[in-house]
Amino acid sequence: MLKHLKKALDDQGVFNGKLPSILSKIVEAIPNQRIPTRMKYTIAVSELVLFASHMRRNIAHWNGSLIPINAITFSIAASGQGKDSSVSATRKCFNSGYKLLEKKRKDLATQRAINAAKIAGKDNPEEWETYKEYWIPPNPLFVAPSTVEGFIQHLNDLDSAGIGGGYIQSGEVGAELANSAVLVENIKLLAELYDEGRKEVKVLKNRENQSKEIKNLPVSALFMGSQDNLLFDEAIKRKFKTEFSTKLARRTFFNYSPEIIPSINYGDDIDAMLEAEMKLEDRAVKARNEVDFIVEEIAETNLNSVGKPLTIDPEVRKLFLIYKRYNEELAEAINAKYPIAKLARTHLQWKALKLSGAIALFNSHKTITKEDYISAISFVEMLDKDLQNFEAEL
């Protein structure tokens, strides 16, 4: 069966390895040749999905569900490999888009304040002096949650606003696992929210502290760290294996880049080194500006369609089901000593579907096409061996 499934996928060009051109441009905007290429692509995908998630254009699944566009991403590499600088360089590609997004969020906050003033029966409700007492600024999109309860309240606020997605970032996930109970609780929350963006609430006696149910809210995360903490500290290793295998394995884009890329040796030729470094930086700035222009156009288009779901081409459904069965058959062939990798393999089709929603937005598609989905598969297949290689070292 596996052979026939592979042929059916090959016949449709599924394993052509072709990634969206905008991802290649984002990668080019990271001006460091020592950063592994897979790591650059992983961070680029994380930021692409994050920006798309803020548009709240969920995917209208064929089973009737609304599926948020979101991603949980792990990037594990040696210390000093440029993880934080890669995120910074990548996010700069979205500067103009985030400016438009913030303007839209403030405009919506203003409209809510005016409506509140009208309900209160105020005269001249559209004047600032009247509605300012009702004006509540939008929550920041980038926060560092100190408690789970606080993060849930933040997500409730985003959910009510109708625009913007939740996000958590950790720069050293191993250390935080060792020292922060909050991260473990937030991982549980991320796992619960991942599939459909839903979070049921417990009824509290104190109604002032009562949170609200979350529905179809995209919540993403980026966890970065060094393999030294995760592989060689036994306490952290045990906690990581427990939390990852039970909550995150099937839901995560996992990149493991242990390779150390040496600097180019120019000998005593300083001029050659300067020329190469300046060309690299100039190329990165050019790529960043090109992506920023594209992102601004995408933002302008999609901010007029906030909350409008993307549909799925019927051919994508067929491809999803073939790829799902292929992954299940392939997982059976993975050695039983790699249970995390086996579990992750069986869910690649789902992660690819979520990613294809972001790709569709950046392709200016109202419907997720087969080409969008194939591009997403190319990315998940690129990371195919990373988790198994990491699990082998665990």
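Residues numbered from 1 in each chain as written. Predicted model: local features only at pLDDT ≥ 70, side-chain atom pairs only at ≥ 80, totals over all residues. Heavy atoms only, no water.

**As for the side chain of Arg-57**
Counted only if it meets this: Strands here mean DSSP runs of E at least two residues long; helices mean DSSP runs of H or I at least four residues long; both are numbered from the N terminus. Accessible area is worked out with a 1.4 Å probe on protein chains only. A residue is then buried under 20% of its type maximum, exposed over 50%, and partly exposed in between. Under the convention used here, Asp and Glu are negative, Lys and Arg are positive, and both His and the chain ends fall outside the count. Any Lys or Arg side-chain nitrogen found within 4 Å of a carboxyl oxygen on Asp or Glu counts as a salt bridge. Residues adjacent in sequence count toward polar contacts only when both atoms are side-chain atoms; beyond that, a polar contact is any pair of N or O atoms within 3.5 Å, and within protein one must be able to donate a hydrogen and the other to accept it. Contacts were defined at the residue level, with two residues in contact if any of their heavy atoms lie within 4.5 Å.
Following the sequence through the fold, Arg-57 ends up in the loop between helix H3 (37-53) and strand S1 (59-60). The side chain of Arg-57 sits in the buried core without any salt bridge; Asp-372 is the nearest counter-charge, 11 Å away. Reaching out from Arg-57, the side chain makes a polar contact with the backbone oxygen of Lys-308 at a distance of 2.8 Å. Once you skip the residues sitting within four places of it in the chain, Arg-57 turns out to touch Ile-69, Asn-302, Ser-305, Gly-307, Lys-308, Pro-309, Leu-310 and Leu-361.

**A look at the pattern of salt bridges**
All chains considered together, the criterion is met by 26 salt bridges. For Lys-318, the salt bridge goes to Glu-315, with nearest N and O atoms at 3.3 Å. Taken together, the positions of Lys-318 and Glu-315, both in helix H13 (residues 314-332) and three residues apart, correspond to about one turn of that helix. Classification of Glu-315 by relative accessible area gives partly exposed; the value is 35%. One salt-bridge network, in which partners are shared between bridges, spans Lys-25, Glu-28, Lys-286 and Glu-290.

**Description of the nonpolar core**
Within soluble globular proteins, side chains that are nonpolar generally end up buried alongside one another. Defined as follows: The criterion is simple. A nonpolar core is a set of buried Ala, Val, Leu, Ile, Met, Phe, Trp, Tyr and Cys residues joined through side-chain atoms within 4.5 Å.
Judged by nonpolar contacts, the single largest core of 107 residues is most densely connected at Phe-74 and Phe-223. Sequence-distant contacts of Phe-223, defined by excluding residues within four places in its chain, comprise Ile-72, Thr-73, Phe-74, Ser-75, Ile-168, Ser-170, Val-173, Leu-183, Ile-187 and Leu-190.

**A word on the pairing of strand S6 (residues 252-257)**
Note the following rule: Strands are labelled as partners when DSSP assigns at least two bridges between them.
Within S6, six of the six residues are buried, leaving the element largely enclosed by the surrounding structure. The two faces of S6 match: Thr-252, Phe-254 and Tyr-256 on one face and Phe-253, Asn-255 and Ser-257 on the other face are all buried. Where strand S3 (residues 72-77) lies against S6, six bridges are found, and the strand directions are parallel. Looking at S6, one finds that Thr-73 is bridged to Phe-253.

**Describing unusual backbone geometry**
For residues besides glycine, phi is generally negative; the peptide bonds are generally trans as well. For Asn-124, which is not glycine, the phi dihedral falls at a positive 50 degrees. Using a relative accessible area of 49% as the deciding quantity, one classes Asn-124 as partly exposed.

**Description of the packing of aromatic side chains**
Under the convention used in this document: Here a Phe, Tyr or Trp ring, Trp counted by its six-membered ring, pairs with any other such ring whose centre lies within 6.5 Å, and the pair is stacked when the planes are under 30 degrees apart, edge-to-face when over 60, and tilted otherwise. We count a charge as sitting over a ring when the NZ of a lysine or the CZ of an arginine lies within 6 Å of the ring centre and within 35 degrees of the ring normal.
One pass over the full model with this rule turns up 22 aromatic pairs. Seen in terms of ring centroids, Trp-128 and Trp-135 are 6.4 Å apart; in terms of plane orientation they differ by 70 degrees. Their pairing is edge-to-face. Given the relative accessible area of 43%, Trp-128 is considered partly exposed. With 6.2 Å between their ring centres and 15 degrees between their planes, Tyr-323 and Tyr-326 make a pair best called stacked. On the criterion of helical spacing, the pair formed by Tyr-323 and Tyr-326 is a turn pair, its members being three residues apart in helix H13. By way of ring pairs, the aromatic residues Phe-74, Phe-223, Phe-240, Phe-244, Phe-254, Tyr-256 and Phe-390 are connected into one cluster. Note that Lys-354 overlies the ring of Tyr-194, its terminal NZ or CZ placed 4.7 Å from the centroid.

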